[in-house]
Amino acid sequence: MRINNDAEFKAALGGLDFRQQRRVAAAFVESVLPLCQDMRINAAVAMVKHPGVSEAELASAYQAANSARVERFTQCGKEADWKSQAGHFVAKAAVNCVKPAEPGSNLAWEAAMAARMARSCETVAEGSGTENREAENQYRILYDLLNS
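Conventions and cut-offs
Residues numbered from 1 in each chain as written. Predicted model: local features only at pLDDT ≥ 70, side-chain atom pairs only at ≥ 80, totals over all residues. Heavy atoms only, no water. Salt bridge = Lys/Arg side-chain N within 4 Å of Asp/Glu carboxyl O. Helix = DSSP H or I, 4+ residues; strand = E, 2+ residues; numbered from the N terminus. Buried < 20%, exposed > 50% of the residue type's maximum accessible area, 1.4 Å probe, protein only. Phe/Tyr/Trp six-rings, centres within 6.5 Å; stacked < 30°, edge-to-face > 60°. Lys NZ or Arg CZ within 6 Å of the ring centre and 35° of its normal. 1 Å grid on protein atoms, 1.4 Å probe; cavity = no way out; pocket = protein on both sides within 12 Å on 5 of 7 lines; lining within 4 Å. Points joined across faces, edges and corners; volume = space filled by probe spheres on them. Nonpolar A, V, L, I, M, F, W, Y, C, P; charged D, E, K, R; others polar. Axes fitted to C-alpha atoms, helices over the stretch in contact; angles between N-to-C directions. Parallel < 35°, antiparallel > 145°, perpendicular 65-115°, else oblique. Contact = heavy atoms within 4.5 Å.

We now examine the pattern of salt bridges. A side chain with one charge may pair with a side chain of the opposite charge, provided their charged atoms come close. The final tally for this structure, using the stated rule, is nine salt bridges. Close ionic contact of Glu122 with Arg119 constitutes a salt bridge, the shortest N to O distance being 3.0 Å. With Glu122 and Arg119 both in helix H6 (residues 107–126), this residue pair falls three residues apart, about one helical turn. We note that Glu122, like Arg119, is buried. One continuous salt-bridge network, built from bridges that share partners, spans Asp38, Arg40 and Glu71.

Before going further, it helps to examine the packing of aromatic side chains. Following the criterion strictly, the structure yields three aromatic pairs and no others. An angle of 45° between the planes, with centres 5.7 Å apart, marks the rings of Phe9 and Phe28 as tilted. Separated by 19 residues along the polypeptide, Phe9 in helix H1 (residues 6–14) and Phe28 in helix H2 (residues 18–32) bring together distant segments of the chain. For Phe28, a relative accessible area of 0% translates into the label buried. Note on Phe9 and Tyr139: the rings are 5.2 Å apart at their centroids and 55° apart in plane angle, and the pair reads as tilted. Here Phe9 is found in helix H1, whereas its partner Tyr139 is found in helix H7 (residues 134–146), with 130 residues between them in sequence. Judged by its relative accessible area of 11%, Tyr139 falls in the buried class. Taken together through their ring pairs, the aromatic side chains of Phe9, Phe28, Trp109 and Tyr139 make up a single cluster. Geometry around Tyr143 places Arg2 over its ring, the cationic atom sitting 4.1 Å from the centre.

Its boundaries defined by the atoms lining it, the largest pocket holds a volume of some 200 Å³. Residue lining of the largest pocket: Phe18, Arg19, Arg22, Arg23, Val48, Lys49, His50, Pro51, Val53, Glu55 and Leu58, and that is the complete set. Breaking the lining of the largest pocket down by element, the ones donating at least two residues are H2, helix H3 (39–49) and helix H4 (55–75). Ranked by the residues each element gives to the lining of the largest pocket, the list is headed by H2, at four residues. The residue makeup of the lining of the largest pocket, split by class, is five nonpolar, one polar and five charged.

The next thing to look at is the packing of H1 against H2. The contact between H1 and H2 brings their axes to 10 Å, and the two run at 135°. One way to sum up the angle between H1 and H2 is to call them oblique. Listed contacts from H2 to Phe9, Leu13 and Gly14 of H1 are Gln21, Val24 and Phe28. Partitioned by chemical class, the residues of the contact of H1 with H2 number four nonpolar, two polar and no charged.

Rendered as structure tokens:
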């Protein structure tokens with residue numbers, strides 16, 4: 001089934017177990033990873049993709065990714081530095097990959113929204129407005145993962 005809108009997208013993500021949500025969320029982060037040059041973010045995404053990752057390893061990656069997110073946020077400053085802001089949202093998306101799973105939460109949806117914000121910040125920084133195709137890219141990523 002092709003995914004054509006956010007309602008279908010969110011429903012499909014909500015039907016995944018936490019392990020699957022983490023994998024999909026990592027793919028969303030990889031799509032915007034070039035916007036954040038922080039090794040802690042790369043490490044968190046890589047850890048999620050490891051099939052035998054433990055809860056303790058995820059907790060450690062969460063702490064590191066969250067520290068990167070906070071640092072990125074403080075680097076944005078009073079004047080909007082849109083490239084730094086993009087990096088902050090990439091880090092926020094990565095945090096959603098590794099944060100503790102709570103019943104009823106949708107880690108992949110939260111990561112997707114943060115990744116979209118990162119892409120929007122990038123387009124503002126480039127002066128090309130706020131329109132981007134990240135949502136369609138995410139629909140394709142999810143479709144491909146569900147059908148592999």
